[in-house]
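Next come the chains, spelled out residue by residue.
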Amino acid sequence: MAREHVLVDGDWLEKQLDDPAVVVFEVDENAGAHAARHIPGALALDWRADLQDPLRRDLIGQDAFEQLLTTHQVTPDDTVVLYGGDNNWFAAYAYWYFKLYGHRDVRLLDGGTKRWELDGRPLTDAETLRRRTPSPAAYRAQPADGSLRAYRDDVMAAIGRDSILDVRSPAEFSGEILAPAHFPQEQPQVPGHVPGAVNVPWSQAVADDGTFRSDAQLRELYAGAGLALAGPGGEAAPDIVVYCRIGERSAHSWFVLHELLDQPSVKNYDGSWVEYGSLIGVPVEV
């Protein structure tokens, strides 16, 4: 997909901040950061409170997603722009949600908060109150697109057949650690990785300023790790399952593969290693 359909830069966004049909959401690891500083007019999405089922480990359902966007007065025709810190990793996770539920025009701010600040663009601590008069009709989403999401049985079936991409750090992939030190609350039971998976840490897809690397650089990155990709001419390639620890870093790599490099069949396994590494009897490599 052409980058202009899935990414915006700071120049474009700064000119659109007063357009009511452009809705900007900040989605950050630190949900409290929004109150201290954010792009003027941006709303906040809390990746845990807004996008996770309150009772079980799962995504929010279609009804809850519709209610969330209705509350923020979003319509299916709006352009939704997502951004955040840490190279947009949780913003990409939210992007995957919007695509899962069929929103037509959703994009990432290339470089996220980091590039916006490097460019000296405006930030504010003023609360954003999105108000449209009259209020738009209730948001109606599409049923979840199963072609974008993998479950544990899909991962098991993919071993030895499809491409499996682990985007965690090398220390997590090798089994040296169970999870990053600052995430002790969500850990699998055993270390290691899915047999046959290749390891390309998610953050290698971005440059020092947080923007995505060129298509040529990205293809070289994955090819160097042994991940087969469909070519620009449509050459066939295996299906790809992408995972990390809880599904947010893998959503970032899903964006790179599916949205930037036009790979036709890429699924994000959001259960990821917290689920797989806690299953009984499944094969594990270290």
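Everything below is about the structure printed above this text.
Residues numbered from 1 in each chain as written. Predicted model: local features only at pLDDT ≥ 70, side-chain atom pairs only at ≥ 80, totals over all residues. Heavy atoms only, no water.

The subject of this paragraph is the overall build of the protein. Within the protein one finds 10 helices and 9 strands. Judged by the C-alpha coordinates and their principal axes, the protein covers about 55 × 40 × 35 Å. Across the 286 residues in the protein, those meeting the buried criterion constitute 51%. Put simply, of all contacts in the protein between residues at least 6 apart along the chain, 76% involve residues at least 24 apart. On the protein, roughly 12,600 Å² of surface is accessible, and the fraction owed to carbon and sulfur atoms is 50%. Distance from the positive charge centre (25 side chains) to the negative charge centre (44 side chains) of the protein: 2 Å. (Helix = DSSP H or I, 4+ residues; strand = E, 2+ residues; numbered from the N terminus. Buried < 20%, exposed > 50% of the residue type's maximum accessible area, 1.4 Å probe, protein only. Contact = heavy atoms within 4.5 Å. Areas by Shrake-Rupley, 256 points an atom, 1.4 Å probe, with all protein chains shown as cover. Lys, Arg positive; Asp, Glu negative; His and termini not counted. Charge placed at Lys NZ, Arg CZ, Asp CG, Glu CD.)

Whenever strands of a sheet pair, they do so through backbone hydrogen bonds, lying parallel or antiparallel. Strands sit in the order β1-β5-β4-β2-β3 across an open sheet of 5 strands; the sheet is parallel. One side of each edge strand has no neighbouring strand; the edge strands of this open sheet are β1 (7-8) and β3 (43-45). Two strands pair when backbone bridges link them, and β1 and strand β5 (residues 106-109) are joined in this way by 2 bridges, in the parallel orientation. Each residue of the ladder has a partner; that of Leu7, found in β5, is Leu108. Contacts between helix α4 (residues 89-100) and the sheet are confined to β2 (22-27), β3, β4 (79-83) and β5, with β5 contributing the most and set at about 175 degrees to the helix. (Pairing = 2+ DSSP bridges. Axes fitted to C-alpha atoms, helices over the stretch in contact; angles between N-to-C directions.)

The omega torsion across Thr133 and Pro134 is -5 degrees, close enough to zero to call that bond cis. With respect to the secondary-structure elements, Pro134 resides in the loop between α5 (112-118) and α6 (152-158). At Asn88, a position not held by glycine, the phi torsion is positive, near 70 degrees. Inspection of the secondary structure assignment puts Asn88 in the loop between β4 and α4. Unusually for a residue other than glycine, Asp262 sits at a positive phi of about 60 degrees. As for its placement among the helices and strands, Asp262 is situated in the loop between α9 (248-260) and β9 (266-268). Note on Asp262: relative accessible area 46%, which makes it partly exposed.

What follows deals with the side chain of Arg149. Position of Arg149 relative to the elements: it lies in the loop between α5 and α6. Classification of Arg149 by relative accessible area gives buried; the value is 12%. Engagement of the side chain of Arg149 in a polar contact is seen with the side chain of Tyr151, the distance being 3.0 Å. When near neighbours in sequence (up to four residues on either side) are disregarded, Arg149 contacts Asp58, Leu59, Trp96, Leu100, Asp154, Lys267, Asn268 and Asp270. (Polar contact = N/O pair within 3.5 Å; in protein donor to acceptor, adjacent residues only side chain to side chain.)

Right, let's talk about the pattern of salt bridges for a bit. Here the structure, examined in full by the defined rule, presents 20 salt bridges. Residue Asp215 is joined to Arg3 by a salt bridge in which the shortest nitrogen-to-oxygen separation is 2.8 Å. Here Asp215, found in helix α8 (residues 215-224), pairs with Arg3, found in the segment before β1; they are 212 residues apart in sequence, far enough to count as distant. A relative accessible area of 32% means that Asp215 is categorised as partly exposed. With a closest N to O distance of 2.6 Å, Arg121 and Glu14 form a salt bridge. (Salt bridge = Lys/Arg side-chain N within 4 Å of Asp/Glu carboxyl O.)

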